[in-house]
Amino acid sequence: MPNSTTATIALIAVIAALSAIAIAAPTPSIDHITPTCGSVLGGTYVTISGKHFADIPSGNVVFIGDDKNGRLCTVVNHLSSHTKIVCETESIGGEGVFAVTVASDGAAANCKNDNCDFSYSDSCTPEITEVVPKWVKAPGKVSVYGRKFAQGDASVQKLDFSM
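Source: prediction; values computed, not measured.

What follows is about the overall build of the protein. Helix and strand content of the protein: one helix and 13 strands. For the protein, the N- to C-terminal ordering of α and β elements is α-β-β-β-β-β-β-β-β-β-β-β-β-β. Out of the 163 residues belonging to the protein, those deemed buried represent 30%. Nonlocal contacts in the protein, meaning residues at least 24 apart in sequence, comprise 52% of its contacts between residues at least 6 apart.

The following block contains the structure:
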């Protein structure tokens, strides 16, 4: 019968061997990105759908662009999950097509369809043409007229606000 010291050393050796075996977490992957175009001024909510993103949304980091012309896309935690990340773009200072990269708990996500790009474009930037009335005393209603207010829906040309 082995003594307790030998048994303890054997148990420590087994624990050390087991802890040396790395159990790899599944690699995060991006299935698609919507919308693929947003305002040059930033403020576009981008939805990145995929698999194996961080269980805690704050464990995800989204970057749009390269080292020289890139910006963080701020993750909106309450709208994100392990299969979907919603982030808000920052202004990038002009038009261009840029790669979207995601790191989830430090692991880089693979782009499954080779189309993980986002375009900053004037054609996707809302334009205000008129605000009626010019002045309002609360409570009151303000109407904002323009173009391209809703992503992907050119028919939205008026927004109403009550104060």
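Further remarks concern the layout of surface pockets. In this structure, the second largest pocket spans a volume of roughly 160 Å³. Taken together, the residues of the lining of the second largest pocket sort by class into six nonpolar, three polar and two charged.

Let us look at the environment of Gly 96. One can find Gly 96 in strand E7 (residues 96-104). For Gly 96, the residues in contact, after removing those within four places along its chain, are Phe 118, Ser 119 and Tyr 120.

Calculation notes
Residues numbered from 1 in each chain as written. Predicted model: local features only at pLDDT ≥ 70, side-chain atom pairs only at ≥ 80, totals over all residues. Heavy atoms only, no water. Helix = DSSP H or I, 4+ residues; strand = E, 2+ residues; numbered from the N terminus. Buried < 20%, exposed > 50% of the residue type's maximum accessible area, 1.4 Å probe, protein only. Contact = heavy atoms within 4.5 Å. 1 Å grid on protein atoms, 1.4 Å probe; cavity = no way out; pocket = protein on both sides within 12 Å on 5 of 7 lines; lining within 4 Å. Points joined across faces, edges and corners; volume = space filled by probe spheres on them. Nonpolar A, V, L, I, M, F, W, Y, C, P; charged D, E, K, R; others polar.

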